[in-house]
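Residues per chain are reported as follows:
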Amino acid sequence: MRILVVEDDAVLRGVMQRSLADAGHRVDAAATLAEADHFWKVQPFDAVLLDLNLPQDAGAASPLGSGLTVLRAARARGDRTPVLVLTARDRTEERIAGLDAGADDYLGKPFDLAEVEARLRALVRRTQGTDDRTRAGTLVLDRRARRFTMHGLPFELPAREFEVLWELMTPPGRVVSKRTLSDKLSDFDDTLGDNALEAFISRLRKKLQGSGAGIRTLRGLGYMLEEAGSEAPGGDAPQESA
């Protein structure tokens, strides 16, 4: 998953970043309201960890509930990214305010990092459907275990190829744009170009041969993972958009 961590405490922010990265996630972090609002607008995320008490910017006053401000703004523009609110506040009315603003779950500080990760997985599963497994041909993605199998055997991939195939598999048959895949694989200071993305797709096509699944190019639209039919698995032939 690609996760945005919004937390003004530098130590806690660093701990969460390392823990989530060690679990295989791509993590971006914001320390202020302005940073959080900017990152959330320009980058799609699978989930957001949001602290409520954020400073507006360096040296500015810290308005109470500013985390709710950026959450409400995201929901107002139609962004439905799952949000787990993390806060030291434990008053019932503040929990209610967070949920009413559009949060999907609420966890008070101090918290266990394993529980944070478990709640994130649950939130993302809820948005993607209740089944932890998706399949195309003999290729199976187990989202809970974060692994692929092919013909019932482990199917290991480098990290970025794994992320591309994960996106194409949630669910299979969905058209995924080049922009979406590039954003998933890029950092704010490291943009993935079309040539690099196409190289990832080409390598995946070769590795999927014999799986009963293949990646189809829809010119002008993006890519789609589908059950192999008349086209050989891994075929490169593009399909023209209507």
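Above this text is the structure in question.
Quick caveat, the model's predicted, so the values are computed rather than measured. (Residues numbered from 1 in each chain as written. Predicted model: local features only at pLDDT ≥ 70, side-chain atom pairs only at ≥ 80, totals over all residues. Heavy atoms only, no water.)

Colleague: Got a minute to help me understand the pairing of strand 11 (residues 222-227) in this structure?
Modeller: Residues in a regular strand point their side chains to alternate faces of the sheet. The element strand 11 is extensively covered by neighbouring structure, given that 5 of its 6 residues are classed as buried. Pairing of strand 10 (residues 213-219) with strand 11 involves 6 bridges; the strand directions are antiparallel. Residue pairing across strands places arginine 216 opposite methionine 224, the latter belonging to strand 11. (Buried < 20%, exposed > 50% of the residue type's maximum accessible area, 1.4 Å probe, protein only. Helix = DSSP H or I, 4+ residues; strand = E, 2+ residues; numbered from the N terminus. Pairing = 2+ DSSP bridges.)

Colleague: Can you walk me through the nonpolar core in this structure?
Modeller: In summary, soluble globular proteins display a tendency toward joint burial of nonpolar side chains. With 25 residues, the main nonpolar core has Phe148, Leu165 and Leu225 as its most contacted residues. When residues of this core are traced back to their parent elements, those giving at least two are strand 7 (139-142), strand 8 (147-150), helix 6 (159-168), helix 7 (178-185), helix 8 (194-208), strand 10 and strand 11. What leucine 225 contacts, discounting residues up to four positions off in sequence, is Ala136, Leu139, Leu165, Leu168, Met169, Pro172, Gly173, Leu208, Ala213, Gly214 and Ile215. Listed in part, the 21 residues of the second largest apolar core include Ala36, Phe39, Ala101 and Ala103. (Core = buried A, V, L, I, M, F, W, Y, C linked by side-chain atoms within 4.5 Å. Contact = heavy atoms within 4.5 Å.)

Colleague: Would you explain the sheet that holds strand 8 in this entry?
Modeller: Sheet strands associate in pairs through backbone hydrogen bonding, adopting either a parallel or an antiparallel arrangement. The strand order across the open sheet formed by 4 strands is 6-7-8-9, and the pairing between neighbours is antiparallel. Each end of this open sheet is capped by a strand with a single partner; those strands are strand 6 (133-136) and strand 9 (153-154). The pairing of strand 8 with strand 9 spans 2 bridges and is antiparallel. Its bridge partner lying in strand 9, methionine 150 is registered against leucine 153. Packing of helix 6 onto the sheet brings it into contact with strand 7 and strand 8, and relative to strand 8 it is tilted by some 80°. (Axes fitted to C-alpha atoms, helices over the stretch in contact; angles between N-to-C directions.)

Colleague: Looking at this structure, I do not really get the side chain of threonine 217. What am I missing?
Modeller: Tracing the chain through its elements places threonine 217 in strand 10. At 2.6 Å, the side chain of threonine 217 and the side chain of arginine 205 are in polar contact. (Polar contact = N/O pair within 3.5 Å; in protein donor to acceptor, adjacent residues only side chain to side chain.)

Colleague: Where do I start with the sheet that holds strand 4 (residues 83-87) in this structure?
Modeller: The 5 strands are arranged 2-1-3-4-5 in an open sheet whose pairing can be described as parallel. The open sheet is flanked by strand 2 (26-30) and strand 5 (105-108), the only strands paired with a single partner. On average, each strand axis in the sheet is inclined to that of its neighbour by 20°, with strand direction left out of account. Bridging between strand 4 and strand 5 involves 4 bridges; their strand directions are parallel. Its bridge partner being in strand 5, threonine 87 is matched across the sheet by glycine 108. Of the strands in this sheet, strand 3 (47-51) and strand 4 touch helix 3 (residues 66-76), which is tilted by about 150° from strand 3.

Colleague: Where do I start with empty space enclosed by the protein in this structure?
Modeller: The probe, sized like a water molecule, is rolled over the atoms to show the empty space still left. Taken as a whole and judged by the stated rule, the model has 4 cavities of 30 Å³ or more. The volume enclosed by the largest cavity comes to roughly 70 Å³. Along the walls of the largest cavity sit 10 residues, with Met1, Arg121, Val124, Arg143 and Trp166 positioned nearest its centre. By residue number, the principal contributor to the lining of the largest cavity is helix 5 (residues 113-128), which donates 4 residues. The residue makeup of the lining of the largest cavity, split by class, is 3 nonpolar, 2 polar and 5 charged. (1 Å grid on protein atoms, 1.4 Å probe; cavity = no way out; pocket = protein on both sides within 12 Å on 5 of 7 lines; lining within 4 Å. Points joined across faces, edges and corners; volume = space filled by probe spheres on them. Nonpolar A, V, L, I, M, F, W, Y, C, P; charged D, E, K, R; others polar.)

Colleague: For this particular structure, what's the right way to read unusual backbone geometry?
Modeller: Excluding glycine, most residues fall at negative phi; most peptide bonds, likewise, are trans. The omega torsion of the bond from lysine 109 to proline 110 falls at -5°, within 30 degrees of zero and hence cis. For histidine 151, which is not glycine, the phi dihedral falls at a positive 55°. Tracing the backbone shows histidine 151 in the loop between strand 8 and strand 9.

Colleague: I keep staring at the packing of helix 6 against helix 7 and nothing clicks. Help me out?
Modeller: Relative placement of two packed helices is described by the angle separating their axes and the distance separating the axes. Interhelical geometry of helix 6 versus helix 7 gives an angle of 140° and a closest axis separation of 10 Å. For the element pair helix 6 / helix 7, the angle class is oblique. Helix-helix and strand crossings are classified by hand; for helix 6 and helix 7 the assignment is right-handed. Residue-level inspection shows Arg160, Glu163, Val164 and Glu167 of helix 6 in contact with helix 7, the latter providing Thr180, Leu181, Lys184 and Leu185. Considering only residue class, the contact of helix 6 with helix 7 consists of 3 nonpolar, 1 polar and 4 charged. (Parallel < 35°, antiparallel > 145°, perpendicular 65-115°, else oblique. Left-handed = near helix turned anticlockwise from the far one by under 90°.)

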